[in-house]
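Summary of the model geometry
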Amino acid sequence: MGVERAFPGADLTPKVFKALLTMDSYVLGASGTQQVREVQQWLNGRYLNRQDFFVIACDGRVSRDTARALVLGVQYELGMADGTANGNFGPGTQSALKSHPVKQGDKGVYVQLFSAGMVVNRRPAALTDTFDSALAAAVRAFQTFVALPATGEGDFPTFASLLASYGDQSRQGKACDTISKVTPARAETLKAAGITYVGRYLTNPSATSLPEKAIQPDELRTIAQHGLRCFPIYQTVNNDASDFDYVAGRTAGYAAVNAALDHGFKRGTRIFFAVDFDAIDAEITESVLPHFKGVKEAMADSGHPYEIGVYGSRNVCAQVGAAGYSTASFVADMSPGFDGNAGRPLPKDWAYDQFVIRTLGSGDGQLEVDVDIASGRDTGQGSFNRPRPAVPDVAFDTDQVPALRADLARYMRSIGRPDLGGIGSEARLYTNAQAVEAIQDQDELITRLSTTYTMRKALIQTAVYWAMRDYSLADQATDQQVADHHLTGSGSVRDSHTGIGEISATDAIQAWNHCIGWGFTDGDRRDPAKDSDLWSVWQRLSKDNAFSVRTAALIHLWGTRAGPAANCPRRPRHHPAVHAPGPRRVRDHRAAAPLPGLGPRRGVPDAPEPGRLPDLREVQQHRPQRVNLRKETPLKLAFPRRGPRPGAAHRRGLSRRALLGRIAAVGGAVGVAALPLSHFLSQAYADAHNPIPARVRDALRGARDRTRRVLAGSRSHNGWDMENVADDGGTVYTRPVPGTPLTGIAVRMGDVETVLVHLVRRFHYEVDTLRRGDVVGWHDPSGVGKGRPESNLASGTAVRIRPGFYPRGARGGFFPQQEVVIRDILAELDGVVRWGGDDPTPDESLFSIDVRPGDQRLARVAARVRGWQLEPGAGAGSPVNVLAGGRRKAARALERRQRTAA
């Protein structure tokens with residue numbers, strides 16, 4: 001342990017006893033080094049008597065605790081008092097450290113700290129109190145590697161690079177990345193700041209929250225004309241491990257290639273694919289690496305037009321590069337609290353090192369950028385091809401059909417979906433070739449629909465393809481029951497999803513009615529409540545492929561304003577009662593409000609505004625990448641990300657795919673607060689106008705029975721409904737906490753989840769490192785005190801962090817600096833969370849939502865947190881100066897309000 005110097009003798013002190021109760025190791029581990037272990041023992045022995053310093057592991061492995069302990073040592077030597085020293089490399093520490101450079105010939109504790117930093121960064125050095133020639137040589141090599149002047153001296157920039165991932169934030173970088181359009185005035189600003197390389201985004205999943213994030217028309221021309229160079233970044237919503245898997249990687253690879261070609265990037269350009277969260281080792285292995293394998297294979301299938309880079313933490317970049325899936329790294333070093341950064345060396349293949357946010361210029365030339373150090377391994381592009389214009393899709397080139405079939409068959413095999421598969425009722429009836437042939441037969445109509453409605457053909461083609469490839473014997477049997485019901489009265493099913501588009505007659509009628517009302521098509525309105533209308537439309541869907549294709553297009557139009565997506569709540573990926581195969585999920589948390597004019601109803605608007613048609617921009621924004629038939633390359637359809645394996649829905653007795661409805665959700669989904677399952681099912685399935693197959697009805701009846709035991713019939717202290725179970729039909733589900741070892745916490749879905757997960761992540765990064773099992777969410781109502789704040793656990797609106805460390809009724813469990821961070825987190829969340837330490841009977845482990853259901857403050861805060869997830873270097877894990885005047889003032893004001901309200 002190395003504690004003998006601090007605590008000589010045989011007495012067992014509280015700090016040592018506490019260390020023995022942890023899972024930390026104090027012997028050299030298999031992946032540790034003796035040099036690191038000596039640093040850990042030295043830190044323990046020298047600083048253990050200080051208030052906020054605790055015994056760190058001595059296993060020879062560099063951890064975030066080791067890196068924080070080193071910064072604490074620097075702060076103590078600089079004279080910082082207990083309660084002020086916090087292990088964060090903030091402005092005060094940086095300012096003081098500038099007065100303590102070290103160089104060859106120096107001796108003393110600052111040389112020890114500097115050499116310890118070299119060891120922690122895996123440089124060829126050992127802990128020493130003498131700055132000799134060997135250390136100077138190692139320092140020069142390190143400085144050359146991180147693009148600092150190779151002086152061989154321990155100046156402040158070098159010391160800073162050893163202590164924090166972002167290093168000296170006053171440095172000048174030659175590169176930047178930005179979510180702002182580079183206009184001529186802004187280009188001049190960048191040049192004046194010494195910027196040569198500019199990172200810009202190929203796509204943007206939300207044109208409303210960050211309207212200039214994606215490369216804008218003529219922007220690359222402006223960049224080239226001003227002598228700048230651009231490196232492209234591909235990012236959608238990649239801020240959670242569940243956003244990554246092999247299939248998603250293939251999809252991202254194809255989409256990035258298409259987008260890069262659209263913008264005019266030349267062959268050989270490196271695209272940096274973003275992993276914008278603090279992925280821990282298990283998440284990297286299980287999710288991130290398979291994702292990049294998919295990216296690499298998609299790039300290979302596309303003819304290797306571009307190189308692959310990775311954006312992420314040091315650990316993510318190093319592991320993706322070591323696996324051979326990337327050729328250079330763009331390192332997210334602005335987030336020193338990330339486990340993937342703290343105590344990790346800079347990846348050997350780093351191309352850009354993102355280290356500080358700055359606002360440059362003024363007036364029309366002002367823009368905010370993330371400043372990056374450039375290593376020279378990537379130089380972006382300084383000239384560009386002419387962008388591919390967004391021209392209307394054209395007819396199939398029949399010469400390309402064999403290549404199309406081969407491409408699709410290879411892709412489907414790569415995601416575990418060969419041409420034939422399944423047994424019994426799960427057997428699929430249409431092969432890849434048959435699905436392509438059906439689409440080809442309707443190509444003239446699909447092309448005409450695409451032109452008429454300014455809709456990419458891929459929206460229709462992809463829906464039909466997946467519907468046919470999923471059609472099974474069970475589906476065929478259900479269709480027969482519908483026919484028996486209407487012809488002989490013996491069938492138990494009134495309507496089903498049928499035909500090559502797998503569309504229900506009910507959905508088709510409502511889509512046609514909607515589009516007739518908007519003037520998109522002609523025809524007579526029908527009533528889905530009438531058997532004659534339902535049967536007539538069902539037969540056409542089942543037998544008339546052209547009618548199914550036309551209806552598929554109209555469902556997309558319906559979906560943008562009032563279609564099947566309009567009342568679809570966001571639900572967990574693993575929801576046991578409503579998950580169905582098809583697109584992996586509609587998971588855009590940012591869609592928190594309806595589109596203009598979109599109400600909660602389904603069906604036809606009362607009266608369209610004169611001359612106004614539905615806004616289809618969202619359909620275009622979220623569409624699959626277009627099928628480019630103007631090129632000589634084989635045609636590729638863009639596929640939705642898949643959910644469970646084939647047949648999963650049928651085994652669970654769920655509704656049939658309603659694939660078009662889910663694709664429409666991509667274009668027109670709106671965020672709806674999570675509701676108990678019975679409420680959702682009554683709207684989506686149990687409506688009298690939309691009967692469902694008996695096997696599905698039985699499953700839903702069982703779901704409603706489960707729901708009856710979900711609600712406890714009373715409310716928690718903060719006014720939310722308590723629930724008797726979690727992960728089983730209610731609104732409380734176990735949600736991941738990215739970047740932590742936690743396996744998840746059971747909390748209420750939606751805004752509550754967003755806010756509480758953010759709080760837990762900041763606690764992990766800035767207050768104390770959490771381990772598996774340290775955070776508890778939902779609790780059975782019978783086990784919490786009714787009417788007390790702890791009852792909030794039973795509604796999924798509270799969490800306990802290390803309840804065994806901070807027992808109810810006791811105060812002072814946190815050190816002053818830790819409490820300062822907690823207060824800052826609460827203030828950052830605008831007071832929608834309350835800390836149990838402020839209650840009359842303190843409960844310092846408890847953090848609860850402090851607003852009633854429906855309070856718009858919670859929605860606003862959650863939307864802001866989700867917005868941070870769109871920006872690299874923002875949100876939990878990014879550097880925060882909790883002692884800044886404005887932040888401390890806000891935190892103290894909130895503390896007074898919440899204590900007074902207790």
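Moving on: the overall build of the protein. A count of helical and extended segments in the protein gives 29 helices and 18 strands. Summed over all atoms, the accessible surface of the protein reaches about 34,800 Å², with 51% contributed by carbon and sulfur.

All right, on to the nonpolar core then. Counting residues in each nonpolar core, the largest one holds 105 residues, and the members touching the most others are L190 and F273. Counting residues per element, this core draws most heavily on helix α5 (residues 109-120), which supplies nine residues. Excluding residues within four positions of it along the chain, F273 makes contact with Y234, A252, G253, A256, F292, V295, M299, I308, G309, V310 and Y311. Among the nonpolar cores identified, the runner-up in size contains 52 residues, and Y254, Y465, F547 and L557 belong to it.

With that out of the way, let us pick up the pairing of strand β6 (residues 328-332). Here β6 lies mainly inside the structure; five of its five residues are buried. Residues of β6 alternate between two faces, with A328, F330 and A332 on one and S329 and V331 on the opposite face, all of them buried. Summarising the sheet, strand β5 (residues 307-312) and β6 pair through four bridges and their orientation is parallel. When the bridges of β6 are listed, G312 appears paired with V331. Of the pairings in the sheet, the one linking β6 to strand β7 (residues 350-360) comprises four bridges and is parallel in character. What sits directly across from F330, in β7, is Y352.

In terms of burial, strand β4 (residues 270-274) is largely enclosed, as five of its five residues are buried. Of the two faces of β4, the one lined by R270, F272 and A274 and the one lined by I271 and F273 are each fully buried. Bridge analysis of strand β3 (residues 229-234) against β4 gives two bridges, and the strand direction is parallel. Bridged to I233 within β4 is F272. With five bridges joining them, β4 and β5 adopt parallel strand pairing. When the sheet's bridge partners are listed, I271 is paired in β5 with I308. In this fold, the crossover linking β4 to β5 by way of helix α11 (residues 281-301) has right-handed handedness.

A complete count under the given rule lists 42 salt bridges for this structure. Where K293 meets E297, a salt bridge forms, and the shortest distance between an N and an O atom there is 2.7 Å. Here K293 and its partner E297 are both found in helix α11, four residues apart, which amounts to about one turn of the helix. With a relative accessible area of 34%, K293 lands in the partly exposed category. Residue class for E297 comes out partly exposed when judged on its relative accessible area of 26%. A salt bridge links K457 to D443; the nearest nitrogen and oxygen atoms lie 2.7 Å apart.

In spatial order, the strands read β1-β2-β3-β4-β5-β6-β7-β8; together these eight strands close into a barrel with mixed pairing. Recorded for the sheet is a direction-independent mean angle of 30° between the axes of neighbouring strands. Note: β7 against strand β8 (residues 367-374), eight bridges, orientation antiparallel. Across the sheet, residue Y352 finds its bridge partner in β8, namely A374. Contacts from helix α10 (residues 246-263) reach β3 and β4, with the element oriented near 135° to β4. Against the sheet, helix α12 (residues 314-322) contacts β5 and β6, and its axis sits at roughly 155° relative to β5.

This part covers the environment of S335. On the secondary structure map, S335 appears in the loop between β6 and β7. Overall, the relative accessible area of 2% leaves S335 in the buried class.

Once that is clear, we can look at the side chain of S165. Tracing the backbone shows S165 in the loop between α7 (156-163) and β1 (175-177). A distance of 2.8 Å separates the side chain of S165 from the backbone oxygen of D333, its partner in a polar contact. Not counting the four nearest positions on each side in its chain, S165 is found in contact with R314, D333, S335, P336 and N341.

Here we take up a nonpolar patch on the surface. Side chains of L12, F17, L20 and L21 sit close together on the surface and give an oily, nonpolar patch of about 430 Å² of accessible area. As for its placement among the helices and strands, F17 is situated in helix α1 (residues 14-20).

In this section: the environment of S313. Among the secondary structure elements, S313 is positioned in the loop between β5 and α12. Residues contacting S313, with those up to four places away along its chain left out, are V331, A332, F338, G340 and N341.

Definitions and limits used
- Residues numbered from 1 in each chain as written.
- Predicted model: local features only at pLDDT ≥ 70, side-chain atom pairs only at ≥ 80, totals over all residues.
- Heavy atoms only, no water.
- Helix = DSSP H or I, 4+ residues; strand = E, 2+ residues; numbered from the N terminus.
- Areas by Shrake-Rupley, 256 points an atom, 1.4 Å probe, with all protein chains shown as cover.
- Core = buried A, V, L, I, M, F, W, Y, C linked by side-chain atoms within 4.5 Å.
- Buried < 20%, exposed > 50% of the residue type's maximum accessible area, 1.4 Å probe, protein only.
- Contact = heavy atoms within 4.5 Å.
- Pairing = 2+ DSSP bridges.
- Right-handed = clockwise from strand over helix to strand, strands pointing away.
- Salt bridge = Lys/Arg side-chain N within 4 Å of Asp/Glu carboxyl O.
- Axes fitted to C-alpha atoms, helices over the stretch in contact; angles between N-to-C directions.
- Polar contact = N/O pair within 3.5 Å; in protein donor to acceptor, adjacent residues only side chain to side chain.
- Patch = residues over 30% accessible without salt bridge, like charges linked within 9 Å, V, L, I, M, F, W, Y side chains within 5 Å.

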